[in-house]
Amino acid sequence: MRDSSRRQFLGAGVAASSGHILGANDRVGIGFIGCGLIGLRHIQEFRKQPDAEPVAVCDVHQPRLEQARADCGGPAKTYRDFRKLLDDKDVSAVCISTPEHWHALQTILACAAGKDVYIEKPMTLLAREGTWMIRAARRYQRAVQVGTQGGQ
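As the structure is a prediction and not an experimental result, all values here were calculated from the model. (Residues numbered from 1 in each chain as written. Predicted model: local features only at pLDDT ≥ 70, side-chain atom pairs only at ≥ 80, totals over all residues. Heavy atoms only, no water.)

What to know about helix α2 (residues 37–47)
All buried positions along α2 are accounted for by G39, L40, H42, I43 and F46. For α2, the angular spread of buried residues about the axis comes to 155°, placing them on one side. Packed against the buried residues of α2 are β1 (28–33), β2 (52–58), α3 (62–72), β4 (93–96) and β5 (116–120). (Buried < 20%, exposed > 50% of the residue type's maximum accessible area, 1.4 Å probe, protein only. Helix = DSSP H or I, 4+ residues; strand = E, 2+ residues; numbered from the N terminus. Arc of directions from axis to C-beta. Contact = heavy atoms within 4.5 Å.)

And the structure:
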């Protein structure tokens, strides 16, 4: 993110450790694309971060969408089309947990929409898609991180 002194996309804890009281402007609005088992887990984990605010969820399956909204613990907006979520000005960053054949397209479009991205592994199906994703992150100056979750 450009304003890394004020917001930490994934570091989420600098303000808490310094004793700084976070206000609404210090919180990153997170949109969740894909609300299956892993997507719901991401919502739970981001809710624990003092500088992250789940503001929107997207899934094509209505029961998952409703569960994700409930798990956000607040008035999160719901979308069945991820492109509509990317248009949401309250969303500063997205967490993508869709099937991997969607990862490249969703990451590229998220970067173009001015969103930072956390994407679940695998990053992509084809190496050339990874190259396109890197180009998009650089072109639009967005932070993109790929990760995987494991047991504690």
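Quick notes on the pairing of β4
Across the two faces of β4 the burial is the same, with A93 and C95 and V94 and I96 all buried. Bridge count between β1 and β4: four bridges; the pairing is parallel. Its bridge partner lying in β4, I33 is registered against I96. Across four bridges, the pairing between β4 and β5 is parallel. Opposite A93, over in β5, you have D116 as the bridge partner. Each parallel crossover has a hand, and the one from β4 via helix α5 (residues 103–112) to β5 is right-handed. (Pairing = 2+ DSSP bridges. Right-handed = clockwise from strand over helix to strand, strands pointing away.)

Some details on unusual backbone geometry
Trans is the common state for peptide bonds, and a negative phi is the common state for residues other than glycine. Residue P122 is reached from K121 by a cis peptide bond, and omega for that bond is -10°. For P122, the position within the fold is in the loop between β5 and α6 (127–139).

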